[in-house]
Each structure stands twice: as C-alpha cells, then as structure tokens.
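As a plain string of letters, each chain reads:
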Amino acid sequence: MTWLLNPPEQNLPMILADNGFDVWIANTRGTRFSRRHTSLDSNQPAFWNWSWDELVSFDLPAVFDFVYGQTGQKIDYVGHSLGTLVALASFSEGNLVKQLKSAALLSPIAYLSHMSTALGVVAAKFFVGEIVQLLGLTEFNIKEESVRNLLKSLCARPGVDCYDLMSALTGKNCCLNSSTIDLLLVNEPQSTSVKNMVHLAQMVRNGIVAKYNYGRTGYNLKQYGEASPPIYNLSNIPHDLPIFFSYGGQDALSDVQDVMLLLDNFKAHDVDKLSVQFIKDYAHIDFIMGVNAKDVVYNQVIAFFKRQH
C-alpha cells in the first residue's frame with residue numbers, strides 16, 4: 001500500500017504499468033492485508049511465531065511461484081527496506097533466482113550496525129531475545145497501548161528526540177508532500193511480530209546477516225543443527241544476476257557505511273550486471289514517496305529493467 005500513497009503519476013507501480021509492465025504488489029505477513037491463515041487466528045500467539053527468516057523461506061517464494069504460475073514470465077523484482085533484506089537473503093540461498101530476471105533494491109538493508117537514529121539504537125538494545133519471553137510471542141502493533149507506552153519510555157531516554165517520530169526513525173526526508181505524510185501516518189507503520197523486531201535488533205547488535213538467534217545453544221542446535229544461527233552469505237548471489245541498488249545520504253536505517261559493507265559482497269559481480277545509484281539528499285521514505293522520485297529514481301529503475309529485456 002505504501003507504494004500507492006502518492007498520486008498515480010508519482011508512484012512506482014502506476015509508472016511501471018504505464019510503461020507496459022504487468023505489476024504485482026505483495027503485502028508482508030502481519031500487515032492489515034495479510035492476517036489470514038489456514039488454521040490460526042491473528043489473536044493467537046502461534047500466528048506471530050515468525051521473523052523475516054520465514055518471509056525468506058516461505059512468503060517471498062510463494063509470491064514468486066504465484067506470479068510466475070500466472071504469467072509464465074521471469075520476474076523483475078522491486079524491493080524497499082525490509083523488502084530488500086528478504087530478497088537478498090533469498091537470492092543468497094539460491095531461491096527464486098530461476099524465476100528472476102532482475103532486481104531493483106531501494107534503500108537496501110542488510111547490515112544494520114551503523115544505524116544512526118538514537119531511537120533505533122535504544123530500541124535495538126531493548127529488543128533482546130528475553131523480551132519475547134517477557135511479552136510473549138506476539139504482535140508488535142504501534143497502535144496498541146502497551147506498545148505506545150514502550151515507545152514513550154524509549155523516547156524518554158537521554159539523547160532520544162521523538163518530536164518528529166518519522167525523522168527519528170528514518171532520517172531527514174527531503175522530498176515528501178505534507179498531505180502524503182498525513183496519509184502515511186494514518187496507514188503506517190503496520191504490525192509485525194515481536195520476534196521480527198528482535199531479529200532486526202540482533203542484526204544491529206551483531207553486525208551480521210544471520211538467521212534468528214534463539215539465544216540458547218540448545219534451541220539453536222535444535223533449530224539449525226549448530227550452536228550459532230547460520231549466516232546468509234550474500235556473496236553467494238549469482239554474479240550474473242542484474243541488480244540495481246539505490247541508496248540515500250540522509251537515510252538513518254540504510255546507513256551509507258552499512259550499504260558500503262553490503263556492496264563489498266558484490267566485488268566479484270559482473271560489472272555490467274550491477275548498477276549503483278547514490279542520492280545525497282534522500283532518506284528512507286523518499287524512495288517510495290518522494291515527489292521527485294519519478295525523475296530521480298523510478299526512471300532509472302525502468303531504464304535498468306528495459307536493458308535486461
């Protein structure tokens with residue numbers, strides 16, 4: 001839904017459709033449009049027993065299988081933020097690549113140890129494995145009172161300024177329309193699982209891209225057959241896979257230093273298959289809702305896709 005908050009001439013799905021692409025948009029598990037289940041209800045803890053590992057192993061492959069089954073054509077993938085992490089991890093495991101033509105990854109997230117927002121850093125220290133035991137395996141919904149109270153207590157910490165919560169989390173966005181911001185704040189952020197928040201916090205603290213750490217050797221052994229969670233080796237991504245990265249100089253979540261660490265994994269990538277764009281003024285939300293994103297980013301994405309056809 002976030003892709004569609006800007007008017008049609010400014011949002012990427014509509015611009016792609018105008019350029020002759022067949023556009024399919026997925027919803028992430030736990031959000032308003034993705035809360036049904038074959039046997040569970042979203043008020044049951046078991047419904048929330050997942051992190052982005054499950055998005056990598058089950059959800060994104062299901063989307064690819066569905067679209068590929070309907071169209072019989074290889075897919076050009078676009079991801080933003082969490083949608084880049086899930087894609088990179090999937091590609092590194094050799095999943096999806098047979099059905100994939102190319103990938104455009106905006107505001108890419110893989111390494112998170114340089115995340116610069118005071119709120120994010122405080123939250124990463126707070127979301128340790130124990131919190132799952134404390135709060136139970138449950139939904140993380142910013143509109144619920146318990147989560148709002150938690151946010152208030154994090155915002156009260158020294159050095160954390162939550163006056164402008166969006167900037168506090170995503171960086172200083174340059175190019176948003178104020179009415180679109182209002183729309184965004186009505187619709188976002190959507191729910192995720194507490195376990196997913198803990199998993200993301202582990203990445204901030206440990207500086208690696210690895211599967212969920214259960215915090216106890218026995219649990220990890222049972223789950224993975226080894227004491228530490230396996231790492232997603234991003235340099236395993238096929239070197240001939242066309243990939244477009246675009247990242248911003250003001251982005252607090254996809255920090256420039258972390259993007260450099262990510263790009264280190266692509267040193268051996270075929271030079272003509274890798275495009276990297278840096279936008280000095282852009283922060284995290286500008287990539288999906290910037291009023292000038294069509295000229296700055298989306299035209300580049302479309303040109304990149306067309307080169308692969």
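- An unreviewed UniProt entry lists the protein chain under the name AB hydrolase-1 domain-containing protein, with Carya illinoinensis given as the organism.

## A short note on the overall build of the protein chain
Point 1. Across its full length, the protein chain holds 13 helices and six strands.
Point 2. Reported as C-alpha extents along the three principal axes, the dimensions of the protein chain are approximately 50 × 45 × 40 Å.
Point 3. Each of the 309 residues in the protein chain was classed as buried or not, and the buried ones make up 48%.
Point 4. On the protein chain, roughly 15,000 Å² of surface is accessible, and the fraction owed to carbon and sulfur atoms is 52%.

## Examining the nonpolar core
Point 1. Counting 63 residues, the largest nonpolar core has Trp52, Leu88, Phe91 and Leu234 as its most contacted members.
Point 2. In contact with Phe91, other than residues within four places in its own chain, are Leu96, Val97, Leu100, Ala103, Ile237, Pro238 and Leu241.
Point 3. By size, the runner-up hydrophobic cluster in this structure holds 26 residues, among which are Leu106, Met166, Met289 and Phe304.

## Looking at the UniProt feature "domain: AB hydrolase-1" (unreviewed entry) in the protein chain
Point 1. UniProt records the feature "domain: AB hydrolase-1" (unreviewed entry) at residues 16-126, using the numbering of this structure.
Point 2. Each end of residues 16-126 is marked by a C-alpha atom, and these two atoms are 40 Å apart; helix forms 39% of the span and strand 12%.

## So, the sheet that holds strand 1 (residues 75-80)
Point 1. One open sheet holds the four strands; their spatial order is 1-2-5-6, and the pairing between them is parallel. Here the strands that pair on one side only, and so sit at the sheet edges, are strand 1 and strand 6 (274-279). Looking at each pair of strands side by side, their axes are set apart by 10° on average, direction ignored.
Point 2. Summarising the sheet, strand 2 (residues 100-106) and strand 5 (residues 243-248) pair through four bridges and their orientation is parallel. Bridging across to strand 5, Ala104 finds its partner in Phe244.

## As for the packing of aromatic side chains
Point 1. Scanning all chains against the criterion turns up 15 aromatic pairs.
Point 2. Ring plane angle 80° and centroid distance 5.9 Å describe the contact between Trp24 and Phe66, whose orientation is recorded as edge-to-face. Residue Trp24 is found in the loop between helix 1 (12-18) and helix 2 (52-71), and its partner Phe66 is found in helix 2; the two are separated by 42 residues along the sequence.
Point 3. According to the relative accessible area criterion, Trp24 is partly exposed, its value standing at 39%.
Point 4. In this structure an aromatic cluster arises from ring pairing among Phe21, Phe244, Phe304 and Phe305.
Point 5. Cation over ring: Lys195 sits above Tyr212, and NZ or CZ is 5.0 Å from the ring centre.
Point 6. Looking at Arg216, its charged tip hangs above the ring of Tyr219, at a distance of 5.3 Å from the centre.

Reading guide: rules and limits
Residues numbered from 1 in each chain as written. Predicted model: local features only at pLDDT ≥ 70, side-chain atom pairs only at ≥ 80, totals over all residues. Heavy atoms only, no water. Helix = DSSP H or I, 4+ residues; strand = E, 2+ residues; numbered from the N terminus. Buried < 20%, exposed > 50% of the residue type's maximum accessible area, 1.4 Å probe, protein only. Areas by Shrake-Rupley, 256 points an atom, 1.4 Å probe, with all protein chains shown as cover. Core = buried A, V, L, I, M, F, W, Y, C linked by side-chain atoms within 4.5 Å. Contact = heavy atoms within 4.5 Å. UniProt positions renumbered as here; feature names shortened; annotations may be inferred. Pairing = 2+ DSSP bridges. Axes fitted to C-alpha atoms, helices over the stretch in contact; angles between N-to-C directions. Phe/Tyr/Trp six-rings, centres within 6.5 Å; stacked < 30°, edge-to-face > 60°. Lys NZ or Arg CZ within 6 Å of the ring centre and 35° of its normal.

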